[in-house]
Amino acid sequence: MLTKEKVQSFLKEIEVDDLVNNLQIMGNDVYIDMTAHSPAMHEKKKLEAAMKQAFASEFGEEVNLKLKIVSPEPSEIQQSQIKGKQIPGIQNIIAIASGKGGVGKSTVSANMAVTLAKMGFKVGLLDADIYGPSVPTMFDTEGQKPISVEIDGKNLMKPIENYGVKMLSIGYFSGANQAVVWRGPMASKALNQMIRDAAWGELDFLLIDLPPGTGDIHLSIIQEVPVTGAVIVSTPQHVALADVRKGIAMFQMESINIPVLGLIENMAYFTPEELPENKYYIFGKQGAQYLAEDLGIPVLGEIPLIQSIREAGDVGRPAALQENSVIAEVYTETARKMVESLVERNKSLPPTEAVKITTMAGCSPKAK
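Computed from a predicted structure; not experimentally measured. (Residues numbered from 1 in each chain as written. Predicted model: local features only at pLDDT ≥ 70, side-chain atom pairs only at ≥ 80, totals over all residues. Heavy atoms only, no water.)

## Quick word on the sheet that holds strand E12 (residues 260-270)
A sheet is described by the order of its strands in space; here 8 strands give the open sequence E8-E9-E5-E10-E4-E11-E12-E13, paired in mixed fashion. In the strand order of this sheet, the two ends are held by strand E8 (160-162) and strand E13 (299-305), each with one partner. Each neighbouring strand pair of the sheet contributes to a mean axis angle of 25°, computed without reference to strand direction. Here 5 bridges tie strand E5 (residues 123-127) to strand E10 (residues 203-209), and the two strands are oriented parallel to one another. From the neighbouring strand, Val-123 faces E10, where its bridge partner is Phe-205. Contacting strand E4 (90-97), E5, strand E9 (165-169), E10, strand E11 (229-234) and E12, helix H4 (residues 105-118) runs over the sheet at an angle of about 170° to E10. (Pairing = 2+ DSSP bridges. Helix = DSSP H or I, 4+ residues; strand = E, 2+ residues; numbered from the N terminus. Axes fitted to C-alpha atoms, helices over the stretch in contact; angles between N-to-C directions. Contact = heavy atoms within 4.5 Å.)

Listed below in structure tokens is the structure:
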């Protein structure tokens, strides 16, 4: 017979007894209230999965574990974090990052932006890749210049708009063939101006296309604006995933503590146009899935290697705009999973850190 003493002894054995606030047993139902080590969503999910596995192994499948995991009080380090001031009108700021260059992060950012706009969200896209801005090319807006508008007595930049997405990029201010040779502080100042001195208006999402790596630009963005969550883009091969692990570790540092909403695996497989059912795993199979499982974060989508994605980016019309196409469906599902992860993140973290979404566009938290 299952007793409270047995369960308490087991909790002590697996060294989580100090996290338990309340324990009740009713027949085969065990009710446990716990406090997680960290408010980060992935930590709470890892704790939940570990508890369920441990109880099933010790007491059998007939025991029903009813867990309630709450966030801890912010630590002194978390309370002293540099959090940027909220930008009026912008509900959620999503950083799209990769630890490595050449994984197609900007292409993913562009297609995610137009997909969210198609789903009915108000979307902005900031091209923070100062040294290799690609948004003007991908949105067919090369040569355009943001104009100045006066709002509440202040002169602000009006973002360029196409396909329902508002955009700013250093590429709108430098010539197409002009190299941007700036030190870190100059680049950071330019980015801060594009964020703060722009007339973004009301946005459900501001996507920030970060440069590769973990440098000055990343830290500047993190300190300047309250980033709601990060999305990591990678390709399946081991060398890319090793760098991605470092990128994820940066966001999960205690002094930064930005939730990672999930991982997008780009160029996951190749599908020839004439053989749409065939999948060829050129760069390896399910590398991102294994990494995501290891780190306790979800995989938001697997984007195939399709020639039309590259062609669409080159001509300035993101492939996700192709109605009823395979790629449009893949990006729609990926965007939906990102929003679901964001809803879950806003539910899981303390209210002071959460930012509400006003429109769900058919998305909801995943069932437990």
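## Focus on the nonpolar core
Soluble globular proteins tend to pack their nonpolar side chains together in the buried interior. Counting 42 residues, the largest nonpolar core has Ile-94, Leu-116, Phe-139, Val-165, Phe-205, Leu-207 and Met-338 as its most contacted members. At 8 residues, the largest contribution of residues to this core is made by helix H11 (residues 326-348). Once you skip the residues sitting within four places of it in the chain, Ile-94 turns out to touch Phe-205, Leu-206, Leu-207, Ile-208, Thr-228, Gly-229, Val-231, Leu-261, Met-338 and Leu-342. Core analysis: the second largest hydrophobic core is formed by 32 residues, Ile-87, Leu-210, Val-260 and Leu-263 among them. (Core = buried A, V, L, I, M, F, W, Y, C linked by side-chain atoms within 4.5 Å. Buried < 20%, exposed > 50% of the residue type's maximum accessible area, 1.4 Å probe, protein only.)

## Focus on the sheet that holds strand E2 (residues 29-35)
Taken in spatial order, the 3 strands of this open sheet run E1-E2-E3, and their pairing is mixed. The open sheet has two free edges, formed respectively by strand E1 (20-26) and strand E3 (64-70), since each of these has just one partner strand. The sheet shows a mean angle of 10° between the axes of neighbouring strands, direction not considered. For E2 and E3, the ladder comprises 7 bridges, and the chain directions are parallel. From the neighbouring strand, Tyr-31 faces E3, where its bridge partner is Lys-66. Helix H1 (residues 4-13) contacts E1 and E2 of the sheet and is inclined by roughly 145° relative to E1.

## Let's talk about the packing of aromatic side chains
Counted according to the given criterion, the structure contains 5 aromatic pairs. An angle of 85° between the planes, with centres 5.4 Å apart, marks the rings of Phe-10 and Phe-55 as edge-to-face. With Phe-10 in helix H1 and Phe-55 in helix H2 (residues 41-59), this pair connects stretches of sequence that are 45 residues apart. The burial state of Phe-10 is the same as that of Phe-55; both residues are buried. Each ring, one from Phe-121 and one from Phe-205, has its centre 5.0 Å from the other, and the planes form 85°; the classification is edge-to-face. Placement of Phe-121 in the loop between H4 and E5 and of Phe-205 in strand E10 is noted, with a sequence separation of 84 residues between them. As far as burial versus exposure is concerned, Phe-121 and Phe-205 are alike and both buried. Feature note: the residues Phe-10, Phe-55 and Phe-59 constitute an aromatic cluster, connected by ring pairs. (Phe/Tyr/Trp six-rings, centres within 6.5 Å; stacked < 30°, edge-to-face > 60°.)

## Some points on a nonpolar patch on the surface
A cluster of nonpolar residues, Phe-270, Leu-275, Tyr-280 and Ile-282, forms a patch on the protein surface that exposes about 350 Å² of accessible area. Assignment of secondary structure puts Leu-275 in the loop between E12 and helix H9 (287-295). Judged by relative accessible area, Leu-275 falls into the partly exposed class, the value being 39%. (Patch = residues over 30% accessible without salt bridge, like charges linked within 9 Å, V, L, I, M, F, W, Y side chains within 5 Å. Areas by Shrake-Rupley, 256 points an atom, 1.4 Å probe, with all protein chains shown as cover. Salt bridge = Lys/Arg side-chain N within 4 Å of Asp/Glu carboxyl O.)

## Comments concerning unusual backbone geometry
Even without being glycine, Glu-15 reaches a positive phi, approximately 60°. Here Glu-15 is to be found in the loop between H1 and E1. Positive phi values are uncommon outside glycine, yet Asp-152 reaches one of about 55°. Within the secondary structure, Asp-152 is located in the loop between strand E6 (148-151) and strand E7 (154-157).

## Notes on the environment of Ile-297
Tracing the chain through its elements places Ile-297 in the loop between H9 and E13. Of the residues examined, Ile-297 reaches a relative accessible area of 6% and is grouped as buried. In the structure, Ile-297 is positioned 37 residues away from Val-260 in sequence and 7.1 Å away in space, judged by C-alpha atoms.

## A closer look at the UniProt feature "binding site: ATP" (unreviewed entry) in the protein chain
In the numbering used here, UniProt assigns the "binding site: ATP" (unreviewed entry) feature to Gly-99, Lys-100, Gly-101, Gly-102, Val-103, Gly-104, Lys-105 and Ser-106. Considering the arrangement of structural elements, one finds Lys-105 in helix H4. Considering the arrangement of structural elements, one finds Ser-106 in helix H4. Judged by relative accessible area, Ser-106 falls into the buried class, the value being 13%. Once residues within four sequence positions are removed from consideration, Ser-106 is found in contact with Ser-134, Met-138 and Asp-209. (UniProt positions renumbered as here; feature names shortened; annotations may be inferred.)

## Quick word on H1
Listed in full, the buried residues belonging to H1 are Val-7, Phe-10 and Leu-11. Within H1, the buried residues cover an arc of 100° as seen down the axis, which keeps them to one side. Residues of H1 that are exposed and angled more than 90 degrees away from the buried face: Glu-5, Lys-12 and Glu-13. Two residues or fewer past H1, Glu-15 is found with a positive phi of approximately 60°. (Arc of directions from axis to C-beta.)

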